[in-house]
Amino acid sequence: MNEGILIIGANAGLGKEAARQLAMKKETRKVILFCRSQAKAEEAKKELEAQTDKNIFEIVIGDVADASSVINAVAQIKEPIDAVILNAGGMVGKTAAQITPSGMNQLAATNILGNVVVVEELIKRDLLKKAVLFVSAEAVPGVKSLGMKPVAMKTSSADEFAGVLDGSYFGKHFDVTQAYGYVKYAGTMWTLAMARKYPQLKFVVMSPGNTKGTNARDSLPAPMRFMLKYIMMPIVFPLLGDMVHSLETGVKRLVDGVSEDRYQSGVFYASRAGKLSGDVVDQSTFYTDLKNTIYQDNAYEAIHRFNK
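For clarity, every value in this text was computed on a predicted model and none was experimentally measured.

### Describing the overall build of the protein chain
Alright, step 1. A count of helices and strands for the protein chain gives nine helices and eight strands.
Alright, step 2. Buried residues in the protein chain amount to 56% of all 308 residues.
Alright, step 3. Taking as baseline every contact in the protein chain between residues at least 6 positions apart, the subset at least 24 positions apart corresponds to 75%.
Alright, step 4. Looking at the protein chain as shown, the accessible area adds up to about 13,600 Å², and 51% of this sits on carbon and sulfur atoms.

### Quick look at the nonpolar core
Alright, step 1. In this structure, Leu6 and Leu122 are the most contacted members of the largest nonpolar core, which totals 67 residues.
Alright, step 2. Here this core gets twelve residues from one element, more than from any other, and that element is helix α6 (residues 176-197).
Alright, step 3. Apart from residues lying up to four places away in sequence, Leu122 is in contact with Leu6, Val74, Ile77, Ile81, Val84, Leu127 and Leu128.
Alright, step 4. Counting residues in each nonpolar core, the second largest holds 31 residues, with Leu22, Cys35, Val135 and Tyr263 among its members.

### Focus on the side chain of Asn115
Alright, step 1. Residue position: Asn115 is located in helix α4 (residues 106-124).
Alright, step 2. At 3.3 Å, the side chain of Asn115 forms a polar contact with the backbone oxygen of Ala88.
Alright, step 3. If sequence neighbours within four positions are ignored, Asn115 has contacts with Ile8, Leu86, Asn87, Ala88, Phe134 and Trp190.

### What about the pairing of strand β2 (residues 30-35)?
Alright, step 1. Counting buried positions along β2 gives six out of six residues, so the element sits mostly inside the fold.
Alright, step 2. Alternating positions in β2 separate into two faces, Lys30, Ile32 and Phe34 on one and Val31, Leu33 and Cys35 on the other, with burial throughout.
Alright, step 3. By the bridge criterion, five bridges tie strand β1 (residues 4-8) to β2 in an arrangement that is parallel. Looking at the pairing, Ile8 lines up with Phe34 of β2.
Alright, step 4. The β-α-β motif built from β1, the intervening helix α1 (residues 13-23) and the parallel element β2 has right-handed crossover chirality.
Alright, step 5. Two elements, β2 and strand β3 (residues 57-61), share five bridges in a ladder whose sense is parallel. Bridged to Val31 within β3 is Phe57.

### Let's talk about the side chain of Arg253
Alright, step 1. Turning to its location among the elements, Arg253 is positioned in helix α8 (residues 247-259).
Alright, step 2. Owing to a relative accessible area of 7%, Arg253 belongs among the buried residues under this scheme.
Alright, step 3. Among the polar contacts made by the side chain of Arg253, one reaches the side chain of Glu138 at a distance of 3.4 Å.

### Description of the sheet that holds β1
Alright, step 1. Spatially, the eight strands line up as an open sheet ordered β3-β2-β1-β4-β5-β6-β7-β8, and their pairing is mixed. Edge positions in the open sheet fall to β3 and β8 (280-282), since each of these has one partner strand only. Ignoring which end each strand starts from, the neighbouring axes of this sheet average 20 degrees apart.
Alright, step 2. Packing against the sheet, helix α2 (residues 38-52) makes contact with β2 and β3, and its axis sits at approximately 165 degrees to β3.
Alright, step 3. Most of the contacts of α8 go to strand β6 (residues 202-206), to which it runs at about 160 degrees, and overall it touches β4 (81-86), β5 (128-135), β6, β7 (267-271) and β8.

### Brief notes about the packing of helix α5 (residues 158-166) against α6
Alright, step 1. Running from amino to carboxyl end, α5 crosses α6 at an angle of 125 degrees, the nearest separation of the two axes being 9 Å. Classified by the interaxial angle, the pair formed by α5 and α6 is oblique. For the crossing formed where α5 meets α6, the hand is left-handed. Contacts between α5 and α6 pair Phe161, Val164 and Leu165 from the former with Tyr182, Val183, Tyr185, Ala186 and Met189 from the latter.
Alright, step 2. Of the residues assigned to the contact of α5 with α6, the class counts are eight nonpolar, no polar and no charged.

### Describing α2
Alright, step 1. When the terminal C-alpha atoms of α2 are compared, their 21 Å separation across 15 residues agrees well with the 21 Å that a helix rising 1.5 Å per residue should span.
Alright, step 2. Taken together, the buried residues of α2 touch α1, β2 and β3.
Alright, step 3. At the N-terminal end of α2, a side-chain oxygen is found 3.4 Å from the backbone nitrogen of Ala39, two or three residues along, and the residue is Ser37.
Alright, step 4. Backbone geometry just downstream of α2 places Asp53 in the positive-phi region, at approximately 60 degrees.

So, how was this worked out
- Residues numbered from 1 in each chain as written.
- Predicted model: local features only at pLDDT ≥ 70, side-chain atom pairs only at ≥ 80, totals over all residues.
- Heavy atoms only, no water.
- Helix = DSSP H or I, 4+ residues; strand = E, 2+ residues; numbered from the N terminus.
- Buried < 20%, exposed > 50% of the residue type's maximum accessible area, 1.4 Å probe, protein only.
- Contact = heavy atoms within 4.5 Å.
- Areas by Shrake-Rupley, 256 points an atom, 1.4 Å probe, with all protein chains shown as cover.
- Core = buried A, V, L, I, M, F, W, Y, C linked by side-chain atoms within 4.5 Å.
- Polar contact = N/O pair within 3.5 Å; in protein donor to acceptor, adjacent residues only side chain to side chain.
- Pairing = 2+ DSSP bridges.
- Right-handed = clockwise from strand over helix to strand, strands pointing away.
- Axes fitted to C-alpha atoms, helices over the stretch in contact; angles between N-to-C directions.
- Parallel < 35°, antiparallel > 145°, perpendicular 65-115°, else oblique.
- Left-handed = near helix turned anticlockwise from the far one by under 90°.
- Nonpolar A, V, L, I, M, F, W, Y, C, P; charged D, E, K, R; others polar.
- Expected span 1.5 Å × (residues − 1).

As structure tokens, this is what we get:
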């Protein structure tokens, strides 16, 4: 049972709904909302208290793309936490290719840097007791029916991973929709490496699937937002089947992943091959690079070239 949970990126969408669902569990005593904006965090906290009739929400403010900001935020946490949901991420938008002070591009920094710093700072201070869940995506193994190709790095070396994180891997034409899958792959492999480095903790990777009601589409280029909203969601996905589900269903994957023993440490769970909804399965059964411990360690090393 998880009595205290920290959710990164908790003021809207997946993170906020995860806070609501976790608060409704009888064992939950505290939910920490890690957000970048104080005003948005306060608004989310007020809404969550009204929805759940519980006064168990706390706020920590930090910018996940800024390691020093995250370190200062974690320093505010004084009591042990049972579980962490690493939900910070998304496609970021027009600034995705911009280089941050860490040396990572904005896309990688938002999806990886703060998540990594939070976990490693909590471990360093002996404040993390049970579980970590990294939110990934079916963009890693790809979805053939939608023409979404799987991540296909040549060697998955530390240098290649570093190139993904600073954007040089993609050359002059940085396509955020392509880069997103590669960044999530790097974060996934870091999580799987952590599962081996810290066997006393559970490290799970979970995709929420193709979920309605999130703000993820807001970071897409305008033509893709139009296509997703008016064509893919209402027409194409329903025809294909197992391609879209509600916010509540997508978030339940995350809540179950961090809460239930049936989800094992060191495994990436997401939809069945070629699907974006429905039951979750171990992705390494058909995307075998996930099992490669050398690749996992290379991702870990590459991330720490920037996180110093």
